[in-house]
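# Summary of the model geometry
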Amino acid sequence: MAEGPTSVWSRPERGARGPAPERSREQLTAAAIELADEGGLAAVSMRQVARRLGTGPASLYRYISARDDLLDLMADAVTGEIDLDAPMSGDPVEDLAALAGRAKEVHLRHPWLLDLPTEPTVGPRGMDYLEHALRALEPTSLPQASRLEIIGLVNGLVTLFARTELQRRNTPDGPGRARTSYLATATEERHPLIAAALAASPGTETSQDTHVLFERMVRRVLTGLIELP
């Protein structure tokens, strides 16, 4: 009976045959992350990683099966940059909001995370992150399935806000400003609700306030979803 697909972490560090390893998956991953940080995900290829390591592309297949393995390793490695040692307060809303803020900072530091072609396979560090998030929800009476759904929603907010913030940084005078300007033309006669909402708005958030806005929105969402016993 044929075995199903396995993650890169479920397979040996290197094949059983062939010469002794000169590199490690950790070295391959670090080189790939450097390339992605410098030139985006398109800069990461087996050939370029091999060149960065001073070896031949064929030698990399002793450690990984394909580029997708490398992407999984990269995503898991930078997930390990999320600080999980910060003490928890016991308030699920505050603890998850703080965790989300730290996760967003990692996405801003490694923008290529937003360009991964598929959801990366959860690796050791990803499991640590998930365990930490679930621990933050322990004080609630929510079913386990609902807790996972909430974490998924928070992760979605992280990527959404990270993408928006990066776009604002890269194109401060881009389409977003034009859309905002057009929205401001709403009148009380034709679009009274839009006009009222804009009149009550404190104004467009500056780049310095983006993180404050993010945490405020995450707290609002979590407060509506979490019911304490």
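Remember, predicted model here, so these are calculated numbers, not experimental data. (Residues numbered from 1 in each chain as written. Predicted model: local features only at pLDDT ≥ 70, side-chain atom pairs only at ≥ 80, totals over all residues. Heavy atoms only, no water.)

## Some words on the pattern of salt bridges
- For the coordinates displayed, the defined rule picks out 12 salt bridges.
- A salt bridge links R52 to E38; its shortest N-O distance comes to 2.9 Å. On the criterion of sequence distance, the pair formed by R52 in helix α2 (residues 46–53) and E38 in helix α1 (residues 25–39) is long-range, its members being 14 residues apart.
- The exposure class of R52 is partly exposed, given its relative accessible area of 35%. (Salt bridge = Lys/Arg side-chain N within 4 Å of Asp/Glu carboxyl O. Helix = DSSP H or I, 4+ residues; strand = E, 2+ residues; numbered from the N terminus. Buried < 20%, exposed > 50% of the residue type's maximum accessible area, 1.4 Å probe, protein only.)

## Considering the confidence of the model for the protein chain
- Across the protein chain, the average pLDDT comes to 86, with 84% of residues at 70 or higher.
- Within the protein chain, no element has a lower average pLDDT than helix α8 (residues 175–183), which sits at 62, and none a higher one than helix α6 (residues 124–136), at 97. (pLDDT = per-residue confidence, 0-100.)

## Considering the side chain of R25
- Within the secondary structure layout, R25 lies in helix α1.
- For R25, a relative accessible area of 8% corresponds to the buried category.
- Of note is the side chain of R25, whose polar atom sits 2.9 Å from the backbone oxygen of V8.
- A distance of 2.8 Å separates a polar side-chain atom of R25 from the backbone oxygen of Y63.
- Apart from residues no more than four positions distant in its own chain, R25 is found in contact with V8, R11, P12, E13, Y63 and L73. (Polar contact = N/O pair within 3.5 Å; in protein donor to acceptor, adjacent residues only side chain to side chain. Contact = heavy atoms within 4.5 Å.)

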